[in-house]
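What the coordinates show
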Protein chains: 2
Amino acid sequence: MQITSINNPKVKEWCKLKLKKYRDLTNLFIIENEHLINEAKKNNFLKETIGIDESLNPDYLITKEIMAKLSDQKSLPNIIGICYKLPQKEIGNKILVLDNLQDPGNLGTLIRSSVAFNIDTIILSDDSVDLYNEKVIRSSEGIIFNTNIVRTNLTSFFNNLQNKYPILITDVEKGENIKNILPLKKFILVIGSEGQGVKEEYKKYATNFIKINMNEACESLNAGVAGSILMYEINEAYHE
Amino acid sequence: MQITSINNPKVKEWCKLKLKKYRDLTNLFIIENEHLINEAKKNNFLKETIGIDESLNPDYLITKEIMAKLSDQKSLPNIIGICYKLPQKEIGNKILVLDNLQDPGNLGTLIRSSVAFNIDTIILSDDSVDLYNEKVIRSSEGIIFNTNIVRTNLTSFFNNLQNKYPILITDVEKGENIKNILPLKKFILVIGSEGQGVKEEYKKYATNFIKINMNEACESLNAGVAGSILMYEINEAYHE
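Scoring rules and cut-offs
Residues numbered from 1 in each chain as written. Chains lettered and ligands numbered in written order. Predicted model: local features only at pLDDT ≥ 70, side-chain atom pairs only at ≥ 80, totals over all residues. Heavy atoms only, no water. Helix = DSSP H or I, 4+ residues; strand = E, 2+ residues; numbered from the N terminus. Buried < 20%, exposed > 50% of the residue type's maximum accessible area, 1.4 Å probe, protein only. Contact = heavy atoms within 4.5 Å. Pairing = 2+ DSSP bridges. Buried area = accessible area lost by both parts, 1.4 Å probe. Salt bridge = Lys/Arg side-chain N within 4 Å of Asp/Glu carboxyl O. Polar contact = N/O pair within 3.5 Å; in protein donor to acceptor, adjacent residues only side chain to side chain. Nonpolar A, V, L, I, M, F, W, Y, C, P; charged D, E, K, R; others polar. Least-squares fit on C-alpha atoms with pLDDT ≥ 70 in both. Axes fitted to C-alpha atoms, helices over the stretch in contact; angles between N-to-C directions.

Each helix and strand in chain A was counted, giving eight helices and eleven strands. The C-alpha extent of chain A, read off along each of the three principal axes, is 60 × 35 × 30 Å. A total of 240 residues make up chain A; the buried ones form 56% of that total.

In structure tokens form, the structure reads like this:
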């Protein structure tokens, strides 16, 4: 189907998906570029495709002007897709909790690392950046289709699970070297926001305060890096 | 001194520093927010301050309208600074080489991690993002004032040093686990660009191809994360 008017109701509907509110209402989100579309298709999450290049055979053929309205990128993609949101599955044994993570790039990075280091569940606090934000989807490089990510209230999450898992909370001051408490077959690893770290109100749930061994001249690592190194270390000890 | 006109020559001069060309010509760059200004001052790199808040006692008091022109951020800083570029010192023994790194956030992240994991020299290829890009400076969190970063042509760099250091190049396919070649007291660790990895033309300089142990379901890690984990591992082995 061809659409040439920017005022077409379908275009308005797609545009609204740039806002979290409408993604939540419709359970849909936008993905850009072919690699992501192939991943979505392979995993049965692709609803429809929208493109400016007839040879890619999109469900909807649109103009460049409309694509510029829909796309988040400076250099326009030839094709974008509308996807169904991912189902939230049961939580597993190797859990990464993200408390108030705001940077979309950091979330995408941590999702990639979580797959690399065998995390089976990511818990995203309800005040974190939206998983379906275009920048998160892009920086995760399509790996979201192979993960289990649950958005929830952390207080009830910790209350439910506090005696069932060791809960590891990063703390640069009172933390001990992560290596000292390994191996762990089952854990909840909590990473805080970029500026503040893990919220004080959650520290009472900690079984262990942990940190990464480093030169003190560096006040803190980037949140994506810190989380990734911790996941890496836990995974290394598990396999040794 | 007070400046109220957006056409003041000083304002035009500062504005030009948003472009790499003028930063290179003048050897100056802009920093935003108080923490960075304090770091620059402590290290004697601060030339002058420009602010909208009289109580902060800036060298130049400007209007919000002018600040909006100078600042890179959505929420305006109260004060910004003009800094002298950092001197490039002699290279050391623990060297991180960044080949064609384009993402300013990744560069800032890698600079922070390099200080955390005791790298003494960063070599930035001349086709990488500019070190003095506002986003790099911001994501490095002021740590640039405590590092030695040299921008240079990588071919001549490798030609000069190829028999003097082990040269470690990341390669997901033919790389061996970084742990197998540790400890190293002296090394050149090469990290490639976000999409392509290390350029083919540099692979002939490799003493070792290395990789990070991970689940193959993840095709690649974020460049900032991969580099940070490798620096972390090398640093851990050195201290053990």
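Residue and element names in this part refer to chain A. By secondary structure assignment, the location of E134 is in helix α6 (residues 134–139). Residue E134 is classed as buried on the basis of its relative accessible area of 10%. In this structure, E134 is in contact with I30, I31, E32 and D72, ignoring residues within four places of it in sequence.

This brings us to the pairing of strand β9 (residues 167–170) of chain B. Residue and element names in this part refer to chain B. Both β9 and strand β11 (residues 187–191) contribute to a ladder of three bridges, which runs parallel. Looking at β11, one finds that I167 is bridged to I188. Note that β9 and strand β12 (residues 208–211) share three bridges and pair parallel. Paired with I169 across the strands is F209, a residue of β12.

Each partner contributes residues to the interface: chain B has 28 residues there, and chain A has 28 residues. Summed over both sides, the interface between chain B and chain A buries roughly 2,500 Å², with carbon and sulfur atoms accounting for 52% of that surface. The three residues of chain B that bury the most area against chain A are R112, N213 and Y232 of chain B, which together make up 21% of that side's buried surface. Across the contact surface, chain B and chain A share two salt bridges. If you look at where chain B meets chain A, you find 16 residue pairs in polar contact (both at pLDDT 80 or more). If you list the elements that add at least two residues to the side of chain B that touches chain A, you get α5 (104–116) and α8 (223–239) of chain B. Looking at the side of chain B that touches chain A element by element, the count peaks at seven residues for α8 of chain B. Its residues placed into classes, the side of chain B that touches chain A shows twelve nonpolar, ten polar and six charged.

Okay, the relation of the copies chain B and chain A next. Relating the two copies of this chain is a rotation about some axis coupled with a shift parallel to it. Overlaying chain B on chain A yields an RMSD of 0.0 Å, the required transformation being a rotation through 180° with an accompanying axial translation of 0.0 Å. When the rotation and shift are considered jointly, the pair of chain copies conforms to a two-fold rotation axis. Ranked by how close their C-alpha atoms come to the rotation axis, the residues of chain B are headed by V225 of chain B, at 2.6 Å. Most of the interface of chain B is mirrored in chain A: 100% of its interface residues are interface residues there too.

Right, let's talk about the sheet that holds strand β4 (residues 60–62) of chain B for a bit. All names here are of chain B. Pairing in this open sheet of five strands is mixed, and the strands run β1-β4-β3-β5-β2 from one edge to the other. At either end of the open sheet lies a strand with only one pairing partner, and these are β1 (2–3) and β2 (28–32). Pairing of strand β3 (residues 46–51) with strand β5 (residues 79–84) involves five bridges; the strand directions are antiparallel. If you follow G51 over to β5, its bridge partner there is I79. The sheet contacts of helix α1 (residues 9–16) involve β1, β2, β3, β4 and β5, and relative to β3 the element is tilted by about 115°. Docked against the sheet, helix α3 (residues 34–42) engages β2, β3 and β5, running at close to 30° with respect to β5.

With that out of the way, let us pick up the environment of P183 of chain A. Residues and elements named next belong to chain A. One can find P183 in the loop between β9 (176–177) and β10 (187–191). A residue is classified by how much of its surface remains accessible, and P183, at 60% relative accessible area, is exposed. Sequence separation between P183 and I234 is 51 residues, and the spatial gap between their C-alpha atoms is 6.7 Å.

All names here are of chain A. P183 follows L182 through a cis peptide bond whose omega is 0°. A positive phi is found at N57, a non-glycine position, where the angle reads about 60°. By the element assignment, N57 lies in the loop between β2 (46–51) and β3 (60–61). Its relative accessible area of 65% is what places N57 among the exposed residues.

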